[in-house]
2 protein chains.
Amino acid sequence: MMHQGFPEPISNLINLLSQLPGIGEKNATRLAIQILKNSTEYSRSLANALIEVKTKVNLCNNCFCLTADNICKFCSNEERSNMICVVEDPIALIAIEKSNEFKGKYHVLHGTISPIDGIGPEDLKINELIGRIEKESINEIIIATNPSVEGEVTALYLSKLIKPLGIKVTRIAHGIPMGGDIEYIDELTLGKAIKDRRPI
Amino acid sequence: MMHQGFPEPISNLINLLSQLPGIGEKNATRLAIQILKNSTEYSRSLANALIEVKTKVNLCNNCFCLTADNICKFCSNEERSNMICVVEDPIALIAIEKSNEFKGKYHVLHGTISPIDGIGPEDLKINELIGRIEKESINEIIIATNPSVEGEVTALYLSKLIKPLGIKVTRIAHGIPMGGDIEYIDELTLGKAIKDRRPI
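Keep in mind the model is a prediction, meaning the values are calculated, not measured.

Undergrad: What should I look at first to understand the packing of helix H3 (residues 40-56) of chain A against helix H3 (residues 40-56) of chain B in this one?
TA: Running from amino to carboxyl end, H3 of chain A crosses H3 of chain B at an angle of 170°, the nearest separation of the two axes being 9 Å. In this view, H3 of chain A runs roughly antiparallel relative to H3 of chain B, as classed from their interaxial angle. Note on element contacts: H3 of chain B touches H3 of chain A through Thr-40, Ser-43, Arg-44, Leu-46, Ala-47, Leu-50, Ile-51 and Lys-54 of chain B, opposite Thr-40, Ser-43, Arg-44, Leu-46, Ala-47, Leu-50, Ile-51 and Lys-54 of chain A. The class makeup of the residues in the contact of H3 of chain A with H3 of chain B is eight nonpolar, four polar and four charged.

Undergrad: I would appreciate a short explanation of the relation of the copies chain A and chain B in the present structure.
TA: What relates the two chain copies is a rotation about an axis together with a slide along it. By a simple turn and slide, chain A fits onto chain B: the slide is 0.0 Å along the axis, the RMSD is 0.1 Å, and the turn is 180°. Accordingly, the operation relating the two chain copies is best matched by a two-fold axis. Every residue of chain A has its C-alpha some distance from the rotation axis, and the shortest such distance is that of Ala-47 of chain A, at 2.0 Å. The overlap is high: 100% of the interface residues of chain A also sit at the interface in chain B, so the same surface is used on both sides.

Undergrad: I tried to follow the nonpolar core on my own but got confused; where do I start?
TA: Counting residues in each nonpolar core, the largest one holds 78 residues, and the members touching the most others are Ile-10 and Leu-13 of chain A together with Ile-10 and Leu-13 of chain B. With sequence-adjacent residues up to four places away left out, Ile-10 of chain A is seen in contact with Ala-32 and Leu-36 of chain A together with Val-53, Val-57 and Leu-66 of chain B.

Undergrad: Teacher, can you tell me more about empty space enclosed by the protein here?
TA: The gaps of empty space that remain are located by a probe, the size of a water molecule, rolled over the atoms. Applying the stated criterion across every chain yields a total of two cavities of 30 Å³ or more. Leu-17, Leu-20, Ile-35, Leu-46 and Leu-50 of chain A together with Leu-17, Leu-20, Ile-35, Leu-46 and Leu-50 of chain B together form the lining of the largest cavity. When contributions to the lining of the largest cavity are tallied by element, the ones reaching two or more residues are H3 of chain A together with H3 of chain B. Of the residues belonging to the lining of the largest cavity, the class tally is ten nonpolar, no polar and no charged. Of the volumes computed, that of the second largest cavity is approximately 50 Å³. If you go around the second largest cavity, the residues you meet are Leu-17, Leu-20, Ile-23 and Leu-31 of chain A together with Leu-17, Leu-20, Ile-23 and Leu-31 of chain B. Partitioning the lining of the second largest cavity into residue classes produces eight nonpolar, no polar and no charged.

Undergrad: Whenever I open this one, the interface of chain A and chain B confuses me. Can you help?
TA: Contact residues are listed per partner, giving 51 residues for chain A and 51 residues for chain B. In total, chain A and chain B occlude about 4,700 Å² of area from one another, counting both sides; carbon and sulfur atoms represent 79% of this. The tally of links between chain A and chain B comes to zero salt bridges. Summed over the shared surface of chain A and chain B, the number is eight residue pairs in polar contact (both at pLDDT 80 or more). Elements that contribute at least two residues to the side of chain A that touches chain B include exactly helix H1 (8-17), helix H2 (25-37), H3, strand E2 (66-67) and helix H4 (90-99) of chain A. Of all the elements, H3 of chain A adds the most residues to the side of chain A that touches chain B, at 14 residues. Of the residues in the side of chain A that touches chain B, the class split is 30 nonpolar, 13 polar and eight charged.

Reading the values: the criteria
- Residues numbered from 1 in each chain as written.
- Chains lettered and ligands numbered in written order.
- Predicted model: local features only at pLDDT ≥ 70, side-chain atom pairs only at ≥ 80, totals over all residues.
- Heavy atoms only, no water.
- Axes fitted to C-alpha atoms, helices over the stretch in contact; angles between N-to-C directions.
- Helix = DSSP H or I, 4+ residues; strand = E, 2+ residues; numbered from the N terminus.
- Parallel < 35°, antiparallel > 145°, perpendicular 65-115°, else oblique.
- Contact = heavy atoms within 4.5 Å.
- Nonpolar A, V, L, I, M, F, W, Y, C, P; charged D, E, K, R; others polar.
- Least-squares fit on C-alpha atoms with pLDDT ≥ 70 in both.
- Core = buried A, V, L, I, M, F, W, Y, C linked by side-chain atoms within 4.5 Å.
- Buried < 20%, exposed > 50% of the residue type's maximum accessible area, 1.4 Å probe, protein only.
- 1 Å grid on protein atoms, 1.4 Å probe; cavity = no way out; pocket = protein on both sides within 12 Å on 5 of 7 lines; lining within 4 Å.
- Points joined across faces, edges and corners; volume = space filled by probe spheres on them.
- Buried area = accessible area lost by both parts, 1.4 Å probe.
- Salt bridge = Lys/Arg side-chain N within 4 Å of Asp/Glu carboxyl O.
- Polar contact = N/O pair within 3.5 Å; in protein donor to acceptor, adjacent residues only side chain to side chain.

In structure tokens, the structure reads:
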């Protein structure tokens with residue numbers, strides 16, 4: 001391994017960095033050398049941030065998004081509407097929040113139903129979602145899982161579970177991305193876009 | 001910016017990670033989330049490694065490679081021959097050491113002569129190299145700067161400076177990489193390989 005020639009503190013840092021996803025050993029070596037060149041202040045700040053992220057961040061007790069409090073800023077915001085947008089993970093939540101189109105609450109499943117990986121509905125925050133529907137008098141559930149096989153299966157499962165409760169269940173639209181060129185869109189997406197066409 | 005929706009400890013970590021070279025904001029977000037998923041032990045180890053690398057690693061007083069001691073393991077090894085391999089930076093040193101072909105000492109210039117960036121010979125560890133030649137009774141200097149314009153200029157400069165001292169100065173060979181396919185090698189390298197051909 002490349003880093004074996006370095007002094008131990010450097011090879012140790014390279015080792016730890018290369019455990020992160022998408023960071024190979026060469027990349028980790030480059031990063032370690034850059035960190036060495038950066039100020040001591042930078043290393044201190046990064047070290048602190050690493051500790052703080054593990055000690056201060058937890059899941060919201062209600063919607064299971066990432067928060068530094070017991071209840072997140074979305075759940076505790078009285079002005080948010082009685083809709084819940086259901087997402088797979090916290091990054092999807094942030095992406096939707098950034099779109100500025102949704103002013104309701106969220107619920108993070110922390111995964112999707114995936115029998116091949118041994119993940120069933122009981123492994124996701126689904127019971128907790130059902131529990132919230134009545135308690136928060138929710139009137140619509142928007143399912144924003146990814147358009148993957150697992151995401152679709154999970155959306156279908158949730159819809160079958162929630163519709164009988166008399167709650168409106170919707171799925172975010174799939175189709176041609178804005179600014180996308182029809183010529184270059186994959187045929188699955190194009191087919192979906194034609195099937196889901198709407199009057200103008 | 002994407003990370004503004006995250007709790008402060010996470011967005012802080014994303015901010016710091018995205019200051020590293022080649023780590024964009026999306027990548028930094030992915031890394032921060034992974035760090036959050038990893039064990040607390042991992043964060044602690046990485047935080048320690050960051051501090052240690054800045055407090056324990058310094059440059060060798062003699063050859064200016066990275067070391068945790070005053071004098072590095074290469075300079076203090078009596079069995080190393082009286083040759084010095086001159087490199088631009090510590091990563092090049094490790095790469096050459098890994099080749100297992102060189103059993104002499106090293107000297108790290110920490111850069112190359114580059115008038116366009118305002119870097120002259122006096123900004124590199126060149127005086128220190130000259131100082132070592134007599135002191136360590138060096139009999140050959142191998143110049144292993146990169147085959148870039150700056151690397152070549154630096155090699156030429158060093159050669160003109162050192163040859164008058166009666167010391168053998170050599171340059172590492174450039175040509176077709178082992179296992180390389182002549183069909184796909186750039187013409188500059190191929191030209192160099194033909195010019196530098198040697199009897200077999």
